[in-house]
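# Breakdown of the fold
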Amino acid sequence: MAKSVTLADIAAKVGVSNVAVSKALSGKPGVSDEMRLKIKQVADELGYVTSASLRGTVVETGNIGVVIPENYYGYSTSFYGQLYEHVVRTLFDNKYYGILEILSEEDEKAEKSPIVMQDGKVDGLIFLGHLDKEYIQKMMKQTELPVFFLDTYASAIEFDTVISDGYHGMYLMTRYLIDQGHRKIGFVGNPDSTSSIMDRYWGYRKALREAGIPYDPSWEIHDRELKGKLYDKIEVPEVVLDAYACNCDLAAYRLIQSLEEVGYSVPEMVSVVGFDNFLPMGVVSDDRITSYEVNMERMAEVCVKSLIRKIKHKKYVSGVQIVTGRIVEKESVGRRR
């Protein structure tokens, strides 16, 4: 029974963070003598057995925890499911194993620490996908484990993360539409739902401004709720524009469906571009969407190798690392004369 007692159990009982408990039990500075004594007493009462790592012996597990919010994980059929598979493969190539934990929306709101974070189960952590700023800050304070984030960004917080080049990528996609003669170009996505969509939105706006195209707020079409849940259908606006830059390929696919249902042909009448160059396998089938391909394999490699260097106390690139992609031309864009 003693083995089931965790640092989080002690922290909850005392009313302190996991980090404070870790410092108290390992004899590290950072807690008062009075608090250290209280934590040790509670640990004894609960029957906690101090792990080897807290006794001062560094024991590597060979495991890395990978935490994904449930709203963004859809097994191998989703973008994040595919990205997770690249992470696991890269970990294996570097002699580590990935332990997946799905973070529920309730636990994220309550700022609960992932189970995989506790008691020496892993050597480091990767948080994959969009997370609330408050949750990121709490997790950074709650653990002494080396942590990296993947496809996660939050302003005004210093943390180690690897992201795709959403801003410049969407700038290039919008410039591509402009170069094909399009001038009335809409944006499909909810910029307030994730930082990555916000980056893509401003890349789109930059391209319009550079080309001297006045932006009209009515050109923006939302494809999802604030928490990221996609709408089942994208409604066609009353005034259909020359072209649309979509924040992801699934949004582009659904927009094309809606346009064609009411008589607009793509690309003959309306041009559409996506982002990610990814559609969920087995869910939709449409290989004609011109898109910006995100290099998931490279993102996973940069994240994993940087985290391993951090674990081994070797020099690594801290802060934000951006991985570029490329435009993949297909059949959803026509030239406007």
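Look above for the structure.
Residues numbered from 1 in each chain as written. Predicted model: local features only at pLDDT ≥ 70, side-chain atom pairs only at ≥ 80, totals over all residues. Heavy atoms only, no water.

### Things to note about the pairing of strand β11 (residues 320-323)
Here β11 shows one buried face, formed by Q321 and V323, and one open face, formed by V320 and I322. Where strand β5 (residues 161-164) meets β11, 4 bridges bridge the pair, whose relative direction is parallel. Of the residues in β11, the one forming a bridge with V162 is Q321. (Buried < 20%, exposed > 50% of the residue type's maximum accessible area, 1.4 Å probe, protein only. Helix = DSSP H or I, 4+ residues; strand = E, 2+ residues; numbered from the N terminus. Pairing = 2+ DSSP bridges.)

### Quick word on the packing of helix α1 (residues 7-14) against helix α2 (residues 18-26)
Their axes nearest at 8 Å, the elements α1 and α2 cross at an angle of 105°. One way to sum up the angle between α1 and α2 is to call them roughly perpendicular. Taken together, the residues of α2 that come into contact with α1 (itself represented by L7, A8, I10 and A11) are N18, V21, S22 and L25. Its residues assigned to classes, the contact of α1 with α2 comprises 6 nonpolar, 2 polar and no charged. (Axes fitted to C-alpha atoms, helices over the stretch in contact; angles between N-to-C directions. Parallel < 35°, antiparallel > 145°, perpendicular 65-115°, else oblique. Contact = heavy atoms within 4.5 Å. Nonpolar A, V, L, I, M, F, W, Y, C, P; charged D, E, K, R; others polar.)

### Some words on unusual backbone geometry
In terms of backbone geometry, most residues other than glycine have negative phi values and most peptide bonds are trans. Look at the link from V266 to P267: it is a cis peptide, with omega at 10°. Residue position: P267 is located in the loop between α9 (249-261) and β9 (271-273). The phi torsion at K95 lies on the positive side, around 65°, for a residue other than glycine. As for its placement among the helices and strands, K95 is situated in the loop between α4 (79-93) and β2 (97-103). The phi torsion at H313 lies on the positive side, around 60°, for a residue other than glycine. Relative to the helices and strands, H313 is located in the loop between α10 (296-311) and β11. Classification of H313 as exposed rests on a relative accessible area of 76%.

### Things to note about a nonpolar patch on the surface
Residues Y153, V320 and I322 make up a contiguous nonpolar surface patch of roughly 250 Å² in combined accessible area. In this structure, Y153 sits in the loop between β4 (147-150) and β5. For Y153, a relative accessible area of 32% translates into the label partly exposed. (Patch = residues over 30% accessible without salt bridge, like charges linked within 9 Å, V, L, I, M, F, W, Y side chains within 5 Å. Areas by Shrake-Rupley, 256 points an atom, 1.4 Å probe, with all protein chains shown as cover. Salt bridge = Lys/Arg side-chain N within 4 Å of Asp/Glu carboxyl O.)

### Section: the sheet that holds β11
Reading across the sheet, the 6 strands line up as β2-β1-β3-β4-β5-β11 and stay open at both edges, with parallel pairing between neighbours. Lying at the two open borders of the sheet, with one neighbouring strand each, are β2 and β11. Strand-to-strand twist in this sheet, taken as the mean axis angle between neighbours without regard to direction, amounts to 20°. By the bridge criterion, 4 bridges tie strand β3 (residues 124-128) to β4 in an arrangement that is parallel. If you follow F127 over to β4, its bridge partner there is F149. Of the strands in this sheet, β2, β3 and β4 touch helix α6 (residues 133-142), which is tilted by about 160° from β4.

### Brief notes about the packing of α2 against helix α3 (residues 33-46)
For the pair α2 and α3, interaxial distance at closest approach is 9 Å and the crossing angle is 90°. What the angle tells us is that α2 and α3 run roughly perpendicular. Where α2 approaches α3, its residues A20, V21, K23, A24 and L25 are matched on the opposing element by R36, I39, K40 and A43. For the contact of α2 with α3, the residue count by class is 6 nonpolar, no polar and 3 charged.

### Focus on the side chain of S271
On the secondary structure map, S271 appears in strand β9. Judged by relative accessible area, S271 falls into the buried class, the value being 0%. Not counting the four nearest positions on each side in its chain, S271 is found in contact with L177, H182, D242, A243, Y244, S332, V333 and G334.

### Considering α6
Buried within α6 we find Y135, I136, M139 and Q142. In an axial view of α6, the angular spread of the buried residues amounts to 135°, which keeps them on one side of the axis. Buried residues belonging to α6 abut α2, β2, α5 (105-109), β3 and β4. (Arc of directions from axis to C-beta.)

### Some words on helix α7 (residues 166-179)
End to end, α7 covers 20 Å across 14 residues, agreeing with the expected 20 Å (1.5 Å per residue, within 8%). Of all the residues in α7, the buried ones are G166, G169, M170, Y171, M173, T174, Y176, L177 and I178. G181 sits one or two positions beyond α7 and adopts a positive phi of about 95°. (Expected span 1.5 Å × (residues − 1).)

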